[in-house]
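Residue-level structure breakdown
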Amino acid sequence: MARDVQITVDCADPAGLAPFWAEALGYQVQGPPGDFASWEQALNAMGVPPERHNDASAVVDPEGSRPRLFFQRVPEGKRVKNRVHLDVRAAPGLAGEERMAALEAEAERLVSHGATRLSRHEPAPPLGAGHLVMADPEGNEFCLD
(Lines give C-alpha, C1' and ligand atoms only; values in the text may rest on other atoms or scores of the structure.)
Protein backbone atom coordinates (compact mmCIF):
# COMPACT_ATOMS: atom_id res chain seq x y z
CA MET A 1 0.00 0.00 0.00
CA ALA A 2 1.38 3.44 -0.96
CA ARG A 3 1.86 5.87 1.91
CA ASP A 4 2.00 9.64 2.10
CA VAL A 5 5.30 11.04 3.34
CA GLN A 6 6.37 14.14 5.19
CA ILE A 7 9.96 15.33 4.99
CA THR A 8 11.31 16.40 8.39
CA VAL A 9 14.25 18.77 8.78
CA ASP A 10 16.08 19.20 12.09
CA CYS A 11 17.12 22.82 12.55
CA ALA A 12 17.81 25.62 15.02
CA ASP A 13 15.15 28.08 13.81
CA PRO A 14 12.02 26.49 12.31
CA ALA A 15 10.21 29.81 11.85
CA GLY A 16 13.23 31.22 10.04
CA LEU A 17 13.92 28.23 7.81
CA ALA A 18 10.34 27.51 6.71
CA PRO A 19 9.96 30.72 4.63
CA PHE A 20 13.18 29.94 2.75
CA TRP A 21 11.89 26.50 1.73
CA ALA A 22 8.46 27.91 0.87
CA GLU A 23 10.23 30.29 -1.52
CA ALA A 24 12.52 27.58 -2.93
CA LEU A 25 9.70 25.12 -3.62
CA GLY A 26 6.76 27.38 -4.44
CA TYR A 27 5.11 26.23 -1.21
CA GLN A 28 3.51 28.29 1.53
CA VAL A 29 4.12 28.36 5.25
CA GLN A 30 1.35 26.31 6.83
CA GLY A 31 -1.24 28.52 8.49
CA PRO A 32 -2.60 28.10 12.00
CA PRO A 33 -5.37 25.61 12.74
CA GLY A 34 -9.06 26.39 12.94
CA ASP A 35 -10.16 29.99 13.12
CA PHE A 36 -6.97 31.33 14.67
CA ALA A 37 -5.58 34.43 12.93
CA SER A 38 -1.96 33.58 13.85
CA TRP A 39 0.18 30.77 15.18
CA GLU A 40 0.86 32.89 18.28
CA GLN A 41 -2.87 32.94 19.07
CA ALA A 42 -3.20 29.20 18.42
CA LEU A 43 -0.17 28.26 20.52
CA ASN A 44 -1.25 30.51 23.38
CA ALA A 45 -4.73 28.93 23.29
CA MET A 46 -3.12 25.46 23.42
CA GLY A 47 -1.10 26.49 26.48
CA VAL A 48 2.27 26.33 24.75
CA PRO A 49 4.72 28.56 26.66
CA PRO A 50 6.25 31.42 24.61
CA GLU A 51 9.75 29.93 24.72
CA ARG A 52 8.41 26.88 22.84
CA HIS A 53 6.59 28.83 20.08
CA ASN A 54 9.46 28.24 17.64
CA ASP A 55 9.74 24.49 18.24
CA ALA A 56 8.21 23.66 14.86
CA SER A 57 7.00 25.05 11.56
CA ALA A 58 5.89 23.55 8.26
CA VAL A 59 5.47 24.39 4.60
CA VAL A 60 2.84 22.89 2.33
CA ASP A 61 2.17 22.65 -1.37
CA PRO A 62 -0.68 25.08 -2.12
CA GLU A 63 -2.16 22.47 -4.48
CA GLY A 64 -1.91 19.74 -1.84
CA SER A 65 -0.20 17.19 -4.07
CA ARG A 66 3.45 17.30 -2.95
CA PRO A 67 4.88 16.30 0.45
CA ARG A 68 4.76 18.60 3.46
CA LEU A 69 8.09 19.74 4.89
CA PHE A 70 8.17 19.86 8.69
CA PHE A 71 10.90 21.80 10.52
CA GLN A 72 11.64 20.84 14.12
CA ARG A 73 13.98 22.59 16.51
CA VAL A 74 16.78 20.42 17.86
CA PRO A 75 19.51 21.42 20.34
CA GLU A 76 22.49 20.21 18.32
CA GLY A 77 23.85 21.92 15.24
CA LYS A 78 24.56 20.33 11.89
CA ARG A 79 27.91 18.51 11.99
CA VAL A 80 28.38 16.54 8.76
CA LYS A 81 27.12 16.27 5.20
CA ASN A 82 23.47 15.26 4.85
CA ARG A 83 22.84 11.57 4.11
CA VAL A 84 19.53 12.51 2.49
CA HIS A 85 18.93 15.73 0.59
CA LEU A 86 16.36 17.37 -1.64
CA ASP A 87 16.85 17.78 -5.37
CA VAL A 88 14.94 20.90 -6.40
CA ARG A 89 13.95 20.31 -10.03
CA ALA A 90 14.72 23.79 -11.37
CA ALA A 91 15.39 22.92 -15.04
CA PRO A 92 13.07 20.09 -16.11
CA GLY A 93 13.35 19.22 -19.78
CA LEU A 94 16.40 21.42 -20.39
CA ALA A 95 19.86 20.23 -21.43
CA GLY A 96 23.39 21.54 -21.83
CA GLU A 97 24.08 25.26 -21.49
CA GLU A 98 20.37 26.11 -21.44
CA ARG A 99 19.93 23.84 -18.41
CA MET A 100 22.97 25.22 -16.61
CA ALA A 101 21.85 28.81 -17.27
CA ALA A 102 18.43 28.02 -15.74
CA LEU A 103 20.11 26.42 -12.71
CA GLU A 104 22.43 29.42 -12.31
CA ALA A 105 19.45 31.82 -12.42
CA GLU A 106 17.63 29.82 -9.76
CA ALA A 107 20.78 29.65 -7.63
CA GLU A 108 21.12 33.43 -7.79
CA ARG A 109 17.46 33.84 -6.75
CA LEU A 110 17.86 31.47 -3.79
CA VAL A 111 21.12 33.10 -2.68
CA SER A 112 19.14 36.34 -2.40
CA HIS A 113 16.88 34.48 0.07
CA GLY A 114 19.73 33.14 2.22
CA ALA A 115 21.07 30.07 0.38
CA THR A 116 24.77 29.44 -0.19
CA ARG A 117 26.18 28.09 -3.43
CA LEU A 118 28.58 25.20 -2.77
CA SER A 119 29.59 23.71 -6.14
CA ARG A 120 28.78 23.33 -9.82
CA HIS A 121 28.84 19.96 -11.60
CA GLU A 122 29.05 20.26 -15.37
CA PRO A 123 26.99 18.05 -17.68
CA ALA A 124 28.70 14.70 -18.30
CA PRO A 125 26.60 12.73 -20.80
CA PRO A 126 25.13 10.25 -21.05
CA LEU A 127 24.03 10.10 -17.38
CA GLY A 128 25.12 13.39 -15.85
CA ALA A 129 22.89 16.29 -16.87
CA GLY A 130 24.68 18.81 -14.64
CA HIS A 131 23.59 20.27 -11.31
CA LEU A 132 24.45 22.79 -8.60
CA VAL A 133 24.97 21.93 -4.94
CA MET A 134 23.55 24.53 -2.56
CA ALA A 135 22.97 24.92 1.18
CA ASP A 136 19.94 26.41 2.88
CA PRO A 137 20.37 29.18 5.50
CA GLU A 138 21.26 26.59 8.18
CA GLY A 139 23.76 24.71 6.00
CA ASN A 140 21.59 21.78 4.89
CA GLU A 141 22.73 20.69 1.43
CA PHE A 142 20.35 20.44 -1.51
CA CYS A 143 20.79 20.26 -5.27
CA LEU A 144 19.39 22.35 -8.05
CA ASP A 145 18.74 19.68 -10.63
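Residues numbered from 1 in each chain as written. Predicted model: local features only at pLDDT ≥ 70, side-chain atom pairs only at ≥ 80, totals over all residues. Heavy atoms only, no water.

**Some words on the overall build of the chain**
Scanning the chain for helices and strands turns up three helices and eight strands. When the helices and strands of the chain are read in sequence order from the N terminus, they spell out β-α-β-α-β-β-β-α-β-β-β. The principal-axis extents of the C-alpha atoms in the chain amount to approximately 55 × 35 × 35 Å. Here the chain holds 145 residues, and 31% of them are scored as buried. (Helix = DSSP H or I, 4+ residues; strand = E, 2+ residues; numbered from the N terminus. Buried < 20%, exposed > 50% of the residue type's maximum accessible area, 1.4 Å probe, protein only.)

**Regarding the side chain of Asp145**
Structurally, Asp145 can be placed in the segment after β8 (141-144). A polar contact of 2.7 Å, which involves the side chain of Asp145, links it to the side chain of Arg99. Excluding residues within four positions of it along the chain, Asp145 makes contact with Asp87, Val88, Arg89, Ala90, Ala91, Arg99, Leu103, Gly130 and His131. (Polar contact = N/O pair within 3.5 Å; in protein donor to acceptor, adjacent residues only side chain to side chain. Contact = heavy atoms within 4.5 Å.)

**Topic: the sheet that holds strand β2 (residues 28-29)**
Taken together, the four strands give an open sheet; going across it, the order is β1-β4-β3-β2, and neighbouring strands pair in mixed fashion. With one partner strand each, in any of the chains shown, β1 (6-11) and β2 form the two edges of the open sheet. Sitting on the sheet, helix α1 (residues 14-25) touches β1, β2, β3 (56-60) and β4 (68-73), and the angle it makes with β4 is about 160 degrees. (Pairing = 2+ DSSP bridges. Axes fitted to C-alpha atoms, helices over the stretch in contact; angles between N-to-C directions.)

**Concerning unusual backbone geometry**
Following Pro125, the chain continues into Pro126 via a peptide bond in cis, with omega recorded as 10 degrees. With respect to the helices and strands, the residue Pro126 is situated in the loop between β6 (116-121) and β7 (131-135).

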